[in-house]
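Architecture at a glance
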Amino acid sequence: VILDELLITDNRTRAIELAKEAQEIIWYQCPMIGLYMNKIISAFRTDRFVNVYTDSGKGAFQYWAKSLIRLNDSQNGPMGGILRVNLPTDIDTLNYMTTSSGYTFDIMEMTYEGLLQYDPYTEKLIGQLAYDWNSTTTPENTTVMYFKMHENVTWHDGTKFNASDVVFTFEYLDEMAPAHTWVANMGNFLSIEAIDEFTVKIISNTTSVFDLAGIGGTAIFPKHMWEDVNASAFGSYEPVWAVGTGPYNLTAWVPGEYVQQDFYFDYYNRPVGHDAPAVVPGIDPTLLLVAGVAVAAVVVVAGYFLLRKKP
């Protein structure tokens, strides 16, 4: 009963309550006793970098750490500089849809973006490619979501981004194997349509509070690079390069040696000092992003403002 309600509730507060109740049941009926756990040793230089967000599961250099870290003022910060991070293995592919490597994911998640993202401090959804959104349930037990996207976004190869990329991504994923991780992340996706060049309407076939997060967090792929790749053959496709819309452009990959990601100077939310455009009305620039790397990798630390939607 708890699980049934948890999966269909459209109330976030109630979903949290139900999740806690479900965890208590699992704990008492199927207790797990931890016998051993590896330690993660994660170090960074406080004389050079500040504002490092650490995660108990992945240490100092998971997504949000690389998103929030900045160069110390004494090092001519907050923009610029180089951050080196070691990872145990090389990335295994440039096809973000097929990798099962957490280390590849650490690189790709700094390159590709979704419509929304979670704020690590408040755990609430904030904007990424979308700067405004809303979600409503219907008497037919569906959820209708609207996303308004930034109009000055370009892919790393200079191609203009618009709603057709979002429509293509969801329709493409919908054709892929249902058991694939990316498809599972889409929640209960039912349909998508472009309302205009920078607005999409997405419908899910439940009223679940999780659908907005799952759909909003799905990475968007460039239509112009994937439209000729049959969805049934996506697993054998190796892109010429990883091209996203994120603040860090994959600029070099020497297999077995290093990966390099540099600040993308045409990024739509690039900060003041890098020919930044005016802040989009209704948005509060709050979080400063600086770097992402891998395998003794070298990354140019540059920084950008991740936009938080105002209540």
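First things first, this report covers the structure right here in the doc. The model shown is predicted, which means the values in this text are computed figures rather than measured ones.

1. So, the overall build of the chain
- The helix and strand inventory of the chain stands at 8 helices and 14 strands.
- Residue burial in the chain is summarised as follows: out of 311 residues, 48% are buried.
- Counted over contacts in the chain with a minimum sequence separation of 6, partners at least 24 positions apart contribute 61%.

2. A word on the nonpolar core
- Ranked by internal contacts, the top residues of the largest apolar core, which has 49 residues, are Phe-147, Val-166, Phe-170, Tyr-172, Val-200, Ile-202 and Trp-226.
- Where this core is concerned, the elements lending two or more residues are helix 4 (102–108), strand 6 (130–137), strand 7 (143–149), helix 5 (163–175), strand 8 (189–196), strand 9 (199–204), helix 7 (210–216) and helix 8 (223–226).
- Setting aside its immediate chain neighbours within four residues, Phe-170 contacts Met-186, Phe-189, Ile-192, Ile-202, Ile-215, Thr-218 and Ile-220.
- Grouped together as the second largest cluster of nonpolar side chains are 7 residues, Phe-49, Ala-65, Leu-83 and Val-85 included.

3. Regarding the packing of aromatic side chains
- Summed over the entire model, instances satisfying the criterion amount to 13 aromatic pairs.
- Ring geometry for Tyr-96 against Phe-221: centres 6.1 Å apart, planes inclined by 50°, an arrangement best described as tilted. Residue Tyr-96 is located in the loop between strand 3 (82–85) and helix 4, and its partner Phe-221 is located in the loop between helix 7 and helix 8; the two are separated by 125 residues in the primary sequence. Of the two residues, Tyr-96 and Phe-221, neither departs from the other in class, the shared state being buried.
- Ring centres of Tyr-112 and Phe-221 lie 4.9 Å apart, and the angle between their planes is 40°; this geometry places the pair in the tilted category. With Tyr-112 in the loop between helix 4 and strand 4 (116–118) and Phe-221 in the loop between helix 7 and helix 8, the pair connects residues that are 109 residues apart, well separated along the chain.
- You can call Tyr-112 buried: its relative accessible area is 6%.

4. Brief notes about the pairing of strand 7
- Of all 7 residues that make up strand 7, 5 are buried, and the element is covered over most of its length.
- The pairing of strand 6 with strand 7 spans 7 bridges and is classified as antiparallel. Paired with Ser-135 across the bridge in strand 7 is Met-145.
- The hairpin turn running from strand 6 into strand 7, its antiparallel successor, is 5 residues long, and Asn-141 in that turn takes a positive phi close to 60°.
- Looking at chain direction, strand 7 and strand 9 are connected through 6 bridges and run antiparallel.

5. Comments concerning unusual backbone geometry
- Although it is not a glycine, Asn-141 sits at a positive phi angle of roughly 60°.
- You can see Asn-141 is positioned in the loop between strand 6 and strand 7.

6. Considering the environment of Phe-49
- Here Phe-49 shows up in strand 1 (residues 49–50).
- You can call Phe-49 buried: its relative accessible area is 6%.
- Sequence separation between Phe-49 and Gly-77 is 28 residues, and the spatial gap between their C-alpha atoms is 8.8 Å.

7. Quick notes on the pairing of strand 11 (residues 258–263)
- In this sheet, strand 11 lies alongside strand 10 (residues 248–254) in antiparallel orientation, the contact comprising 6 bridges. By the bridge assignment, Ala-252 is partnered in strand 11 with Gln-260.
- The turn linking strand 10 back onto strand 11 is made up of 3 residues, and Gly-256 within it adopts a positive phi angle of 85°.

8. What about the pattern of salt bridges?
- Scanning the model with the defined rule gives 3 salt bridges in all.
- Between Arg-14 and Glu-17 there is a salt bridge whose closest N-O contact spans 3.3 Å. In this pair, Arg-14 and Glu-17 both sit in helix 2 (residues 12–29), 3 residues apart, roughly one turn of the helix.
- Three or more residues are tied together by salt bridges with common partners; here these are Glu-5, Arg-14, Glu-17 and Glu-21.

9. Quick word on a nonpolar patch on the surface
- Residues Leu-3, Leu-7 and Ile-8 make up a contiguous nonpolar surface patch of about 290 Å² in total accessible area.
- Within the element layout of this structure, Leu-7 appears in helix 1 (residues 2–8).

10. Quick look at helix 5
- Here helix 5 spans 19 Å end to end across 13 residues, near enough to the 18 Å set by a 1.5 Å rise per residue.
- Every buried residue belonging to helix 5 is among Ala-163, Asp-165, Val-166, Val-167, Phe-168, Thr-169, Phe-170, Tyr-172 and Leu-173, and all of these are buried.

Rules of the game
- Residues numbered from 1 in each chain as written.
- Predicted model: local features only at pLDDT ≥ 70, side-chain atom pairs only at ≥ 80, totals over all residues.
- Heavy atoms only, no water.
- Helix = DSSP H or I, 4+ residues; strand = E, 2+ residues; numbered from the N terminus.
- Buried < 20%, exposed > 50% of the residue type's maximum accessible area, 1.4 Å probe, protein only.
- Contact = heavy atoms within 4.5 Å.
- Core = buried A, V, L, I, M, F, W, Y, C linked by side-chain atoms within 4.5 Å.
- Phe/Tyr/Trp six-rings, centres within 6.5 Å; stacked < 30°, edge-to-face > 60°.
- Pairing = 2+ DSSP bridges.
- Salt bridge = Lys/Arg side-chain N within 4 Å of Asp/Glu carboxyl O.
- Patch = residues over 30% accessible without salt bridge, like charges linked within 9 Å, V, L, I, M, F, W, Y side chains within 5 Å.
- Areas by Shrake-Rupley, 256 points an atom, 1.4 Å probe, with all protein chains shown as cover.
- Expected span 1.5 Å × (residues − 1).

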